[in-house]
Amino acid sequence: MADFMRQRTQGRTWSQGAGTRKSRSADQVSRAAEPFANTRQPPPPRRPAPGGISRANSFESELGDTEGEDGDQSSADEGAAERMPPSAAVATLAAAAEKKGYKKLVRAASAALMLATALLVLRIGHLAVMSLVFAMQVMIFKEVTMVRYRTAKSPEVPMFRTIQWLWFAVAIFFSYGGALSNTMPTPLSRWLHRRKYRVAIFAFVLDNHEAISLLGYSAVFVLTVLSFKKHYYRYQLGQLSWTMVTVWICVGQLHAVMTNIFTGLFWFVYPVSLVVVNDCMAYFCGMALGRKLIKREFLRMSPNKTWEGFLGGGLFTLVWAVLAPRLLCRWPGLICQLTDFDNIPRCHAEEVHDFSSGFPLFMPKRYVLLPTLLQTLLGVSGEVELYPIQMHGVGFGIFASLVAPFGGYLASTIKRAYKVKDFEQTIPGHGGVMDRMDCQLLMALFTTVYLNAFVRMEVFSVNSMLNTISRLAPVDQVTLYRGLKAKLRLEGAL
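Here we summarise the structure given alongside this text. (Residues numbered from 1 in each chain as written. Predicted model: local features only at pLDDT ≥ 70, side-chain atom pairs only at ≥ 80, totals over all residues. Heavy atoms only, no water.)

1. Here's the deal with the overall build of the protein chain
Right, so step 1: Secondary structure assignment for the protein chain yields 19 helices and 2 strands.
Right, so step 2: Within the protein chain, the fraction of its 494 residues that count as buried is 36%.
Right, so step 3: Taking the intrachain contacts of the protein chain between residues at least 6 apart in sequence as the baseline, contacts between residues at least 24 apart amount to 73%.
Right, so step 4: Here the protein chain has roughly 30,100 Å² of accessible surface; of this, 65% comes from carbon and sulfur atoms. (Helix = DSSP H or I, 4+ residues; strand = E, 2+ residues; numbered from the N terminus. Buried < 20%, exposed > 50% of the residue type's maximum accessible area, 1.4 Å probe, protein only. Contact = heavy atoms within 4.5 Å. Areas by Shrake-Rupley, 256 points an atom, 1.4 Å probe, with all protein chains shown as cover.)

2. Topic: a nonpolar patch on the surface
Right, so step 1: Taken together, the side chains of Leu214, Tyr217, Phe221, Val222, Val225 and Leu226 present a nonpolar region at the surface, about 610 Å² in accessible area.
Right, so step 2: Residue position: Val225 is located in helix α8 (residues 209-226). (Patch = residues over 30% accessible without salt bridge, like charges linked within 9 Å, V, L, I, M, F, W, Y side chains within 5 Å. Salt bridge = Lys/Arg side-chain N within 4 Å of Asp/Glu carboxyl O.)

3. As for the packing of helix α4 (residues 126-145) against helix α9 (residues 233-252)
Right, so step 1: Orientation of α4 relative to α9, taken along the N-to-C sense of each, is 150 degrees, at an axis distance of 9 Å. Relative to α9, the element α4 lies roughly antiparallel. At the point where α4 passes α9, the crossing takes the right-handed sense. Listed contacts from α9 to Gln137, Ile140, Phe141, Val144 and Thr145 of α4 are Trp242, Thr243, Thr246, Val247, Cys250 and Val251. (Axes fitted to C-alpha atoms, helices over the stretch in contact; angles between N-to-C directions. Parallel < 35°, antiparallel > 145°, perpendicular 65-115°, else oblique. Left-handed = near helix turned anticlockwise from the far one by under 90°.)

4. A closer look at empty space enclosed by the protein
Right, so step 1: Inspection of the entire model under this criterion finds 1 cavity of 30 Å³ or more.
Right, so step 2: Along the walls of the largest cavity sit 14 residues, with Phe160, Ile163, Gln236, Gln239 and Leu240 positioned nearest its centre.
Right, so step 3: Of all the secondary-structure elements, those providing two or more residues to the lining of the largest cavity are α5 (160-183) and α9.
Right, so step 4: A breakdown of the residues in the lining of the largest cavity according to their chemical character gives 8 nonpolar, 6 polar and no charged. (1 Å grid on protein atoms, 1.4 Å probe; cavity = no way out; pocket = protein on both sides within 12 Å on 5 of 7 lines; lining within 4 Å. Points joined across faces, edges and corners; volume = space filled by probe spheres on them. Nonpolar A, V, L, I, M, F, W, Y, C, P; charged D, E, K, R; others polar.)

See below:
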């Protein structure tokens, strides 16, 4: 019995010692793990999607948000510098500043080159401007369609890129054919038919462009449906939808820009200048006053945009919209109409009076801005001399300030959705053509609608009306002459 009790006492003592050692070991482990208690383990790296997507993932999955701006890169550099030793931090910030300065220099040089090219094209005339617009449309279509390009699936889809470009070709033919034939159908046809046989065929195609456009549309539609491949239906339908959106962006919004150019280069230069002024002044106002007066976020999709930049750019744009027409009217070449390919206009300074006499928009006119009662009370004259186009400029300025910038916001959203900084690297320091033309496309659409709705009848000169009358048959011209003569006698003008 005594031996049994001795063994039990020894066992209890051993178990207590083991428990003490176990608790002591647990305490040591917990104390050793204390420095790492708040350390968060990094998540496992995401495995790339099968197939290797070159530019972006599918339309449904690519909804991420990336900054891709110089300001965000600078913030990242500053954050990295804070975690470095002082000497390394200074070197990092200096390298970032030098890189930013180099980017601004490249951007300024590219802008100067683009301005020189634009002036040269304007100096050549209407056809050169038309060719420039066509080249930009081609490049914009290429850049925007490539945003959703997938190298893994595209080779498996029959005639993938060919069908996209066929849709673009049909839209371009319909747009340009309509502008050319509606602006000058008979003179253009006469000019083409007097040339060689092949050019006469082109004249026939142009004269019947609507029927040919329908045939082309039907053929591409059938070819698109026949190209659908099993297991790729969703991808092909997504690409087809994106192609249609891109066609509207770069062709639909510029549907009648050719008509505007033939009416006068003023209707091309003036809207473009408004967007340029708004873009530049919004940048400078945002840099100087951004988030100092209004703290509220402007647009979530564009965090770098500020209310100060938007409102300041709009104010300067309105001022330029009223002053610019008076300056641009000094160059008669901007007001010339292209009515016949046999008589491409070459306007000179000495012809400005006779030429402008047929254009009431570009002739000074006195406007009464104050009622007679206020003029009497204030003792001032309420009349001011303005060009009528300056009054129209208010409408252009409002649209360029409030609506046109949203074309740029849409382009920014597209780039963020597909995680690309620029659409392309065509223009050093600026990105692609779409990066520079995003707001211009919407402004061109407004110019077309405004010109047709409020201005078109005012820009017709005597020469342009005579050219229109010359398209009538001789019998109809005689009838018009007799009717006009009777009307003028009735009014006492003859």
